[in-house]
Amino acid sequence: MRKKQINPYQTIFLVLVMLFIYAPIISIAVFSFNEANSLTVWQGFTFRRYTELFTDRELFNYTNPKESVVFMTLWIAVLSTFISTILGTLAAIALTQTKKVIRDLTMTVNNIPIVSPEIITAVSLLVLFGALQIAPGYNTMLIAHVAFSTPYVLITVYPKVKSLDPNIADAAYDLGASPLKALIKVILPQIKVAITAGAAIAFAMSFDDFIISYFVAGSSGDKNISIYLYTNRLSPKPIINALSTIILLIIGVKIMYDYFKKGKRMEELE
Amino acid sequence: MNKSIINVHQDKKRTKRKAPKKLEFYLGLPYFFVLIVFVAIPIFLMVISSFQHDNQTSVFPIGFTFAHYLDFFKTTAFVRAMTSSLWIAFAATLVSLIIGYPLAYLLTKLKLKSQIALLLLINAPMWINMLLRVRALEQIIRMIAPFLIDTSFGVVLGLVYVYLPFMVLPIYAVISKIDPSLIESAADLGASRLKTMRKVIVPLSLSGVISGILMVFLPAATTIIVPQYLAPSQNIYMIGTLIEKSIILNGRISYSSAIAIVLSFVILGIVYYIRKLDKYKGILDDEKETN
């Protein structure tokens, strides 16, 4: 199957789709170096937006990171990824061993935040925090992020755990491994890739989240990057282009890294 | 003969059960707690809230009213927002499928290395904040096709732009998992390439298509961001905007809960019917279960 080559029309199709996906992204990067305040008219090259960006007190507050939009967004993303990856992975392993009733019930409830639109999750969490009288802010944002990203970790890891050959774990037990040792030495290494994928999704979900964060924390004035962008949508601040470009750059580096790592592994296999 | 099969089956079960299940079961407890407190209970509370009056003065009002639900029939805002949301989301899903399916299929035909590279490229925007992407698109539309701003087509384009990867990935995942020998044997048995496509690849990839459709349609129908950027004059009024306005601007939490619940039912109905399309659902799962 892999030997087949695609015809020119298909190549054109691929190029067009890639253009559709990347033209706007490239344009945002290009205009981050624009001298003019405009986002559509080019006037000359400058790095000024970047110096403005890193000295912006709202986005980067070095003396008080808790007041900083960028630092808090990252912190919440890291924290919620950490928590949800652990919760989701452990639950995935547990589910393969539980009774079918519990498994089905868990999967059903687990699917609620995935299938139901973010806005419904957002309203329901808002009502919950209101009823529990938890003040809106970064705390509610963090709880909400764990609540909506763990289901993604679970559905990413669970199929992998389910597909594992139970004989391997059984062999470990027969050879005298304790359950904990079997878990760490036998089960986790086999599902490592799925866990990483789950964690990546969790991080992206948290970092990108807008609707839920906006609903559960918006009224407090605590902002993540998304809320910041949204509240500034009518004022075309050029520093936003600079911020975007930096985010794009980081993502680009990550993608390249992934690609070369995978390519290497592929060569080793061949 | 039957008995022996049953015996073998029981033996299997027993050896499986010997494994120390206890520990593994407890591993799941923290997450079960999270699911109950932060997923199940909030929905329950939202239902209760939707029957409360929207008065800010009392902290924990206990009352009962159908007022919010009746409101939907009295004012046109809700019905209008709902229908336009569903239409726009439908169009966006269709366009995504038309672009996404051939794209996913093409990917599987490439060399493995190019597959990975292109997949990463298609995947990459999902890592980028959605507001940034919509903003980038808005910027380029204003540059090359400003007449699209404030039109339904512009909003559809924005939704396709944002949610296309969600269509491509699940479809790619199932197509790439199709055993090549199935396709070869179809060819060996005399099926044309079109017939192989229709009888082997499409049915086997249907589950991916279904999840792709759901993953595009649902967020598209409930988006807040896309119409706010691409139709800033708010002539295209979607359900997300309605909820956002009533909750953020007017603080009507109970009214918004009622909208969210009606929206949930509409969506449940849609999900139910879309899921039904998957005739071949569970075929591959069954194989695994019986092992």
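Residues numbered from 1 in each chain as written. Chains lettered and ligands numbered in written order. Predicted model: local features only at pLDDT ≥ 70, side-chain atom pairs only at ≥ 80, totals over all residues.

1. Structural notes on the overall build of chain B
Across its full length, chain B holds 14 helices and 0 strands. For chain B, the sequential pattern of α-helices and β-strands runs α-α-α-α-α-α-α-α-α-α-α-α-α-α. A burial count over chain B gives 40% of its 291 residues as buried. Across chain B, the fraction of contacts at a sequence separation of at least 24, relative to all contacts at a separation of at least 6, is 75%. (Helix = DSSP H or I, 4+ residues; strand = E, 2+ residues; numbered from the N terminus. Buried ≥ 20, exposed ≤ 12 C-beta atoms within 10 Å, placed from the backbone. Contact = placed C-beta atoms within 7 Å.)

2. Examining the overall build of chain A
For chain A, the count of helices and strands is 12 helices and 0 strands. The order of α-helices and β-strands along chain A, N terminus first, is α-α-α-α-α-α-α-α-α-α-α-α. Among the 270 residues that make up chain A, the fraction classed as buried is 41%. In chain A, once contacts between residues fewer than 6 apart in sequence are set aside, the share between residues at least 24 apart is 74%.

3. Let's talk about the nonpolar core
Core analysis: the biggest nonpolar cluster contains 149 residues, and A:Val123, A:Val216, B:Leu159 and B:Tyr163 have the highest contact counts within it. Top element by residues in this core is helix H8 (residues 152–177) of chain B. It accounts for 16 residues. (Core = buried A, V, L, I, M, F, W, Y, C linked by C-beta atoms within 7 Å.)

4. A closer look at the environment of B:Tyr255
Residues and elements named next belong to chain B. In this fold, Tyr 255 is placed in helix H13 (residues 253–276). Assessed through the 25 C-beta atoms surrounding it within 10 Å, Tyr 255 is described here as buried. Along the backbone, Tyr 255 and Ser 49 are 206 residues apart, and their C-alpha atoms lie at a distance of 8.4 Å.

5. Digging into the packing of helix H5 (residues 76–109) of chain B against H8(B)
All names here are of chain B. Interaxial distance between H5 and H8 falls to 6 Å at its minimum, and their mutual angle equals 40 degrees. What the angle tells us is that H5 and H8 run oblique. Pair H5 / H8 crosses with right-handed handedness. In the contact of H5 with H8, the residues fall into 22 nonpolar, 5 polar and no charged. (Axes fitted to C-alpha atoms, helices over the stretch in contact; angles between N-to-C directions. Parallel < 35°, antiparallel > 145°, perpendicular 65-115°, else oblique. Left-handed = near helix turned anticlockwise from the far one by under 90°. Nonpolar A, V, L, I, M, F, W, Y, C, P; charged D, E, K, R; others polar.)

6. Observations regarding unusual backbone geometry
Leave glycine aside and you will find that most residues have negative phi; peptide bonds, for their part, are mostly trans. Despite not being glycine, A:Gln133 shows a phi value in the positive range, around 55 degrees. The backbone phi angle of B:Asp150 is positive, close to 70 degrees, even though this residue is not glycine. Within the secondary structure layout, B:Asp150 lies in the loop between helix H7 (130–144) and H8. For B:Asp150, a count of 16 C-beta atoms within 10 Å translates into the label partly exposed.

7. Brief notes about H8(B)
All names here are of chain B. Relative to the 38 Å expected for 26 residues at 1.5 Å per residue, H8 spans 37 Å between its end C-alpha atoms, a close match to the ideal helical length. The largest bend along H8 measures about 50 degrees and falls at Tyr 163, with the proline Pro 165 one to four residues further on. With 20 of its 26 residues buried, H8 lies for the most part within the structure. (Expected span 1.5 Å × (residues − 1). Bend = angle between axes of the 7 residues up to and from the residue.)

8. Things to note about helix H12 (residues 239–249) of chain B
Of all 11 residues making up H12(B), 8 are buried, and the element is well covered by its neighbours. Residues of H12(B) that are buried: B:Ile239, B:Gly240, B:Thr241, B:Leu242, B:Ile243, B:Glu244, B:Ser246 and B:Ile247. Among the structural elements, helix H5 (118–131) and helix H10 (211–217) of chain A together with H5, helix H10 (193–221), helix H11 (225–230) and H13 of chain B are those in contact with the buried residues of H12(B).

9. So, the packing of H5(B) against H12(B)
Residues and elements named next belong to chain B. Where H5 contacts H12, the axes come no closer than 7 Å and their chain directions differ by 140 degrees. Taken together, the axes of H5 and H12 are oblique relative to one another. Facing H5, whose interface residues are Ala 77, Phe 78, Ala 81, Met 82 and Ser 85, H12 presents Ile 239, Thr 241 and Leu 242.

10. Quick word on the environment of B:Ile224
Note on placement: B:Ile224 falls in the loop between H10 and H11. B:Ile224 sits in the buried class, given 24 other C-beta atoms within 10 Å.

11. Re the confidence of the model for chain B
Close reading of the predicted structure is inappropriate where its pLDDT is low. Residue and element names in this part refer to chain B. Looking at chain B as a whole, the pLDDT averages 81, with 85% of positions reaching at least 70. Of all the helices and strands in chain B, helix H14 (residues 283–290) carries the lowest mean pLDDT, 46, while H8 carries the highest, 93. Confidence drops under a pLDDT of 50 for residues 1–6, and excluding neighbours within four residues, the segment shows 0 contacts in the predicted structure. A low-confidence stretch, residues 285–291 stays under pLDDT 50, and its non-local contacts, those more than four residues away or across chains, total 0 contacts. As scored by the predictor, the complex reaches a pTM of 0.81 and an ipTM of 0.82. (pLDDT = per-residue confidence, 0-100.)

12. So, the environment of A:Ile211
With respect to the helices and strands, the residue A:Ile211 is situated in helix H10. In the structure, A:Ile211 is positioned 91 residues away from A:Ile120 in sequence and 9.6 Å away in space, judged by C-alpha atoms. Ignoring anything within four residues of it in the chain, the contact list for A:Ile211 reads A:Glu118, A:Ile119, A:Ala122 and B:Ile224.

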